Amino acid sequence: MNKMPRLSFWQIWNVSFGFLGVQFGFALQNANASRILTSLGADPHNLSFFWLVAPIMGLMVQPLVGAASDKTWTRLGRRSPYILGGAIVSMIAMFFMPNAPLFFKAGGTAALIFGVTMLALMDGSFNVTFQPFRALVADMTPEEQRNIGYSIQSFLINIGAVIGSALPFILTALGIANESDAGEVAPSVIWSFYIGGSLLLLSVLVTVFKTKEYPPEQYEAYKNITEEDKAEKVNFWELLKTTPKVMKQLAIVQLFSWFPLFLLWVYSTTAISQHYFGVPLDFNASDPEFLPYKGAFDEAGNWVGITFAMYSLVAALFSIVMPKLITLTSRKIVYSGALLIGGLSFISLYFFTNQYHILYSMVGIGIAWAAILAMPYTILSGVLPPKRIGIYMGLFNLTVVVPQILSGVIGGPILRAFFNNQGIYVMVLAGVIMILGSISVAFVQQNKQQIEK
């Protein structure tokens, strides 16, 4: 097997640069989708059911794209066609989602259905772009550069998230209106999606045209892929049965990591608007009766963006020091410690009553977020066979979407049945679950393993 050449810092940077824009889009979605859907008439207590379209799209898209990109080669490369195609569709969906009231009656069922449809299209195309990016880092970097490769990726993801999350707040400060009539979306959010979609595509173009993927013969020589390997048929069921043990162990950690993250994205607007801004528990943004609270709700929506920007900024900074911490301790210690800090920070949200104090909690959540984005893939990339790395990464990403689906199915009923529609208690639940994730890291075995044939 020929040894892969080491990449310069800027080569690794360019490989991952498109993540900046993709996460810009994800951040706008995560911070504003609940706000948009609520503005279009969704019941805040049923938001998790509307959000289910996002992980379901990931469940369908990621393994298929991973398998297809393993077999693809074009003038653009192996992964780049999927990265670019997904970015174009993402931009289109981002332009349309907040504009549902332009096409249908504001606050009407048709506008809400259109908004949910655009959310599904947007998230599905995000995943078409996102999944090959994971494989691209493994394709292009030798083993000794994987830690720095995924850390740069995590850094760019979080820089994009900082800007995307804070954009409605920034535009409001620049004079763009942040309030809207019942059933409509605030202009600050609409313009944020215009800007986000444009930057998403531009950043992806940097990766596509600045990264020269290895042609098939060279890639196969670096990865020791034989003609028999290429002729081998892919059987998803067999792959699931023969996955490495470490992948199954990481799946448990992923369950306890992504379940609470989904609760954060879905219910943070509800929790913060109720707990810190005095919005009623039965608030309905499309009902004129609640119009006096619409301003407080929109202000809370902007503040959600600031808190998300805070945890993303901390995650970006922590991504820089994470490789050094791993060297001083171990991957497992850093991973487990970050999840523990994140869990305690979720719980701390209950004890604060001042909106500015939320930023303290976001520091800990940001540390956990950085580890969640990088550590599982750093651990996993060393045990996957190069001939199947795309499809295995796609299958592993099921451990991201399945916990979100589970969270979406039971999150709403838990809010109503156990927490009397008080969103802040959902944040406490998220913290407890993330602490379980910290404990489960102890059972992950890091030794290099062979995939069963």
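Since we're looking at a predicted model, the values are computed, not measured. (Residues numbered from 1 in each chain as written. Predicted model: local features only at pLDDT ≥ 70, side-chain atom pairs only at ≥ 80, totals over all residues. Heavy atoms only, no water.)

Engineer: Describe the packing of helix H4 (residues 53-70) against helix H7 (residues 109-140), naming the residues involved and giving the relevant values.
Structural biologist: Two elements in contact, H4 and H7, have axes separated by 8 Å at closest approach and are oriented at 35 degrees. As for the relative orientation of H4 and H7, their crossing is right-handed in sense. Residues Val53, Ala54, Pro55, Met57, Gly58, Val61, Gln62, Val65 and Gly66 of H4 touch H7, and the partners they reach there are Val116, Leu119, Ala120, Asp123, Gly124, Asn127, Val128, Gln131 and Pro132. Each residue belonging to the contact of H4 with H7 can be placed in one class, and the counts come to eleven nonpolar, six polar and one charged. (Axes fitted to C-alpha atoms, helices over the stretch in contact; angles between N-to-C directions. Helix = DSSP H or I, 4+ residues; strand = E, 2+ residues; numbered from the N terminus. Left-handed = near helix turned anticlockwise from the far one by under 90°. Contact = heavy atoms within 4.5 Å. Nonpolar A, V, L, I, M, F, W, Y, C, P; charged D, E, K, R; others polar.)

Engineer: Just give me the short version of unusual backbone geometry, but keep the residues and values in it.
Structural biologist: In the Ramachandran plot, Asn420 falls in the positive-phi region, its phi being about 50 degrees despite a non-glycine side chain. Mapping Asn420 onto the fold places it in the loop between helix H18 (398-417) and helix H19 (423-440). Despite not being glycine, Asn421 shows a phi value in the positive range, around 65 degrees. Along the chain, Asn421 turns up in the loop between H18 and H19.

Engineer: Account for the side chain of Thr378, naming residues and giving values.
Structural biologist: The topology assignment puts Thr378 in helix H16 (residues 358-381). Those residues in contact with Thr378 that lie beyond four places of it in its chain are Asn147, Tyr150 and Arg331.

Engineer: Give a detailed account of empty space enclosed by the protein, specifying residues and quantitative values.
Structural biologist: Here the idea is plain: a probe the size of a water molecule rolls over the atoms and shows the empty space left. One pass over the structure, following the stated rule, counts five cavities of 30 Å³ or more. Each pocket or cavity is described by its volume, and for the largest cavity that value is around 290 Å³. Lining the largest cavity are 21 residues, with Phe26, Asn127, Trp258, Val400 and Gln404 positioned closest to its centre. Those elements that place two or more of their residues in the lining of the largest cavity are helix H2 (18-39), H4, H7, helix H13 (245-275), H16 and H18. By residue class, the composition of the lining of the largest cavity is twelve nonpolar, seven polar and two charged. Estimated volume of the second largest cavity: approximately 90 Å³. Lining the second largest cavity are 14 residues, and of these Pro44, Thr270, Ser273, Phe283 and Phe297 sit closest to its centre. Listing elements by their share of the lining of the second largest cavity, those giving two or more residues are H2 and H13. Considered class by class, the residues forming the lining of the second largest cavity number seven nonpolar, seven polar and no charged. (1 Å grid on protein atoms, 1.4 Å probe; cavity = no way out; pocket = protein on both sides within 12 Å on 5 of 7 lines; lining within 4 Å. Points joined across faces, edges and corners; volume = space filled by probe spheres on them.)

Engineer: For a nonpolar patch on the surface, give the residues involved together with the corresponding values.
Structural biologist: A cluster of nonpolar side chains, namely Ile88, Ile92, Phe96, Leu102, Phe103 and Phe104, defines an oily patch on the protein surface of about 560 Å² accessible area. Elements with a minimum of two residues in the nonpolar patch: helix H5 (80-96) and helix H6 (100-103). When residues of the nonpolar patch are assigned to their parent elements, the largest contribution, three residues, is made by H5. Note that Ile92 resides in helix H5. Residue classification places Ile92 among the partly exposed residues on the basis of a relative accessible area of 39%. (Patch = residues over 30% accessible without salt bridge, like charges linked within 9 Å, V, L, I, M, F, W, Y side chains within 5 Å. Areas by Shrake-Rupley, 256 points an atom, 1.4 Å probe, with all protein chains shown as cover. Salt bridge = Lys/Arg side-chain N within 4 Å of Asp/Glu carboxyl O. Buried < 20%, exposed > 50% of the residue type's maximum accessible area, 1.4 Å probe, protein only.)

Engineer: Before we move on, could you go through the packing of aromatic side chains and cite the residues and values that matter?
Structural biologist: Taken as a whole and assessed by the stated rule, the structure comprises 22 aromatic pairs. Relative to Trp13, the ring of Trp10 lies with its centre 5.5 Å away and its plane at 70 degrees, an arrangement referred to as edge-to-face. Taken together, the positions of Trp10 and Trp13, both in helix H1 (residues 9-16) and three residues apart, correspond to about one turn of that helix. Ring plane angle 90 degrees and centroid distance 5.6 Å describe the contact between Tyr377 and Phe396, whose orientation is recorded as edge-to-face. Remark: Phe396 occurs in helix H17 (residues 389-396) and Tyr377 occurs in helix H16; sequence separation between them is 19 residues. A relative accessible area of 3% places Tyr377 in the buried class. One aromatic cluster is present, built from ring pairs that chain together Phe9, Trp10, Trp13, Phe17 and Phe155. The ring of Tyr219 has Arg78 lying over it, and the distance from NZ or CZ to the ring centre is 4.3 Å. (Phe/Tyr/Trp six-rings, centres within 6.5 Å; stacked < 30°, edge-to-face > 60°. Lys NZ or Arg CZ within 6 Å of the ring centre and 35° of its normal.)

Engineer: Account for the pattern of salt bridges, naming residues and giving values.
Structural biologist: In this structure the tally under the stated criterion is four salt bridges. A salt bridge links Arg79 to Asp139; its shortest N-O distance comes to 2.6 Å. Pair noted here: Arg79 is in the loop between H4 and H5 and Asp139 is in helix H7, with a separation of 60 residues, a long-range link. The same class applies to Arg79 as to Asp139, namely buried. Of the charged contacts, one joins Lys294 and Asp298 as a salt bridge, the two residues approaching to 3.0 Å between their closest N and O atoms. Highlighted residues: Lys294 and Asp298, both in helix H14 (residues 294-328), separated by four residues, approximately one helical turn. Comparing Lys294 with Asp298 shows no difference in burial state: the two are buried. Here the salt bridges do not stand alone but share partners, grouping Arg35, Lys294 and Asp298 into one network.

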